[in-house]
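# Coordinate inspection notes
Here is how the chains run, residue by residue.
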Amino acid sequence: MERIKALEQITSQLDEELVICNIGFPSRELYQVKDSPKHFYMMGSMGMASSIGLGTAMAQERKVIVFDGDGSLLMNLGSLVTIFNQSPPNLVLVILDNECYGSTGNQCTYSATTDLKKVAEGVGFKNTILYKESEDKIDFSPVLELEGPVFVHLKVQAGNANVPVIPLEPEEIKERFMREVQGIK
Ligand SMILES: Cc1ncc(C[n+]2csc(CCOP(=O)(O)OP(=O)(O)O)c2C)c(N)n1
Ligand SMILES: [Mg+2]
């Protein structure tokens, strides 16, 4: 499955959940398929989506879905250990694994040889789910019913959709997200 299709299918099954998305094309693709004040697009740093998701999950009760990349998770693997040990029941970490740094030209990561689901299990995650690249339908409801933290390993095709950059300033994204979390209209 293409990454944009995975994002489209999963977000169409979400309602009140907050979403934190990885830098680069994943955020651009998510913005293209669906924008919402419930979305926080991480436009600066690799590796930080999972940490921001952890903080957001711990600070309030709504469910938080993090879309992270294989490269970004590998850059900040310590975050996985912290997430497991803090164990927020409302956090779902979805790794969109295309086995490469897709947003910067498809340079290979090590996720073809290091199984990220097994890494999460080794860290201690009890609820881990794999969606293979060959799947063309994602039923996300079993994931949403599980107690967090949940680790979803979603293998996707390499390649980026032809989508424009997000026409919002980082400050705007942060401020509307904070208003949403605080329940301010
Ligand atoms: C700390 C840091 N290093 C490098 C970059 C440049 N960079 C932006 S996105 C990206 C690739 C991200 O790969 P991955 O997390 O696997 O996501 P994908 O684009 O493959 O979906 C890189 C290297 C950055 N923004 N921040
Ligand atoms: Mg990647």
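Structure: see above.
Residues numbered from 1 in each chain as written. Chains lettered and ligands numbered in written order. Predicted model: local features only at pLDDT ≥ 70, side-chain atom pairs only at ≥ 80, totals over all residues. Heavy atoms only, no water.

### Description of unusual backbone geometry
This is how the line gets drawn: Helix numbering and strand numbering both begin at the N terminus, where a helix is a DSSP run of H or I of at least 4 residues and a strand a DSSP run of E of at least 2. We call a residue buried when its accessible area falls under 20% of the maximum for its residue type, exposed when it is over 50%, and partly exposed in between, using a 1.4 Å probe and counting protein chains only.
At the junction of Gly-148 and Pro-149, the peptide bond is cis and its omega measures out at 0 degrees in the coordinates. Among the structural elements, Pro-149 can be located in the loop between α7 (141–145) and β8 (150–155). Of note, the phi angle at Glu-99 is positive, near 60 degrees, even though the residue is not glycine. Tracing the chain through its elements places Glu-99 in the loop between β4 (91–97) and β5 (100–101). At Asn-106, a residue that is not glycine, the phi angle is positive and equals roughly 65 degrees. In this structure, Asn-106 sits in the loop between β5 and β6 (107–108). Take Asn-106: its relative accessible area is 37%, and that puts it in the partly exposed class.

### Some details on the coordination of the magnesium ion (ligand 2)
Counted only if it meets this: Only nitrogen, oxygen and sulfur atoms within 2.8 Å of the metal, or 3.2 Å for Na, K and Ca, are treated as donors, and water is left out, so sites may look incomplete.
The protein atoms donating to the magnesium ion (ligand 2) are Asp-70 (OD), Asn-98 (OD1) and Cys-100 (O), with metal-donor distances spanning 2.1 to 2.2 Å. For the magnesium ion (ligand 2), the single-chain donor residues occur in sequence as D-x27-N-x1-C. A residue pair is termed long-range when its members are at least 10 positions apart, and Asp-70 in helix α4 (residues 70–75) and Asn-98 in the loop between β4 and β5 qualify at 28 residues. Each member of the pair, Asp-70 as well as Asn-98, is classed as buried.

### A short note on the sheet that holds strand β3 (residues 64–69)
Convention followed: Strands qualify as paired when DSSP identifies two bridges or more between them. Only C-alpha atoms enter the line fits that serve as axes; for helices the fit covers just the stretch in contact. Angles between N-to-C directions range over 0 to 180 degrees. By the convention used here, residues are in contact when the closest approach between their heavy atoms is within 4.5 Å.
Taken in spatial order, the 6 strands line up as β2-β1-β3-β4-β8-β7 in an open sheet, and their pairing is parallel. At either margin of the open sheet sits one strand with a lone partner, and together these are β2 (39–41) and β7 (127–131). With direction set aside, neighbouring strand axes in the sheet form an average angle of 15 degrees. Taken together, the 6 bridges between β3 and β4 define a ladder with parallel strand orientation. The residue bridging Ile-65 from the neighbouring strand is Val-92, located in β4. Helix α3 (residues 49–59) contacts β1 (18–21), β2, β3 and β4 of the sheet and is inclined by roughly 170 degrees relative to β3. Across the sheet, helix α8 (residues 170–182) is in contact with β1 and β2; its angle to β2 comes to roughly 150 degrees.

These figures capture arrangement, not role.
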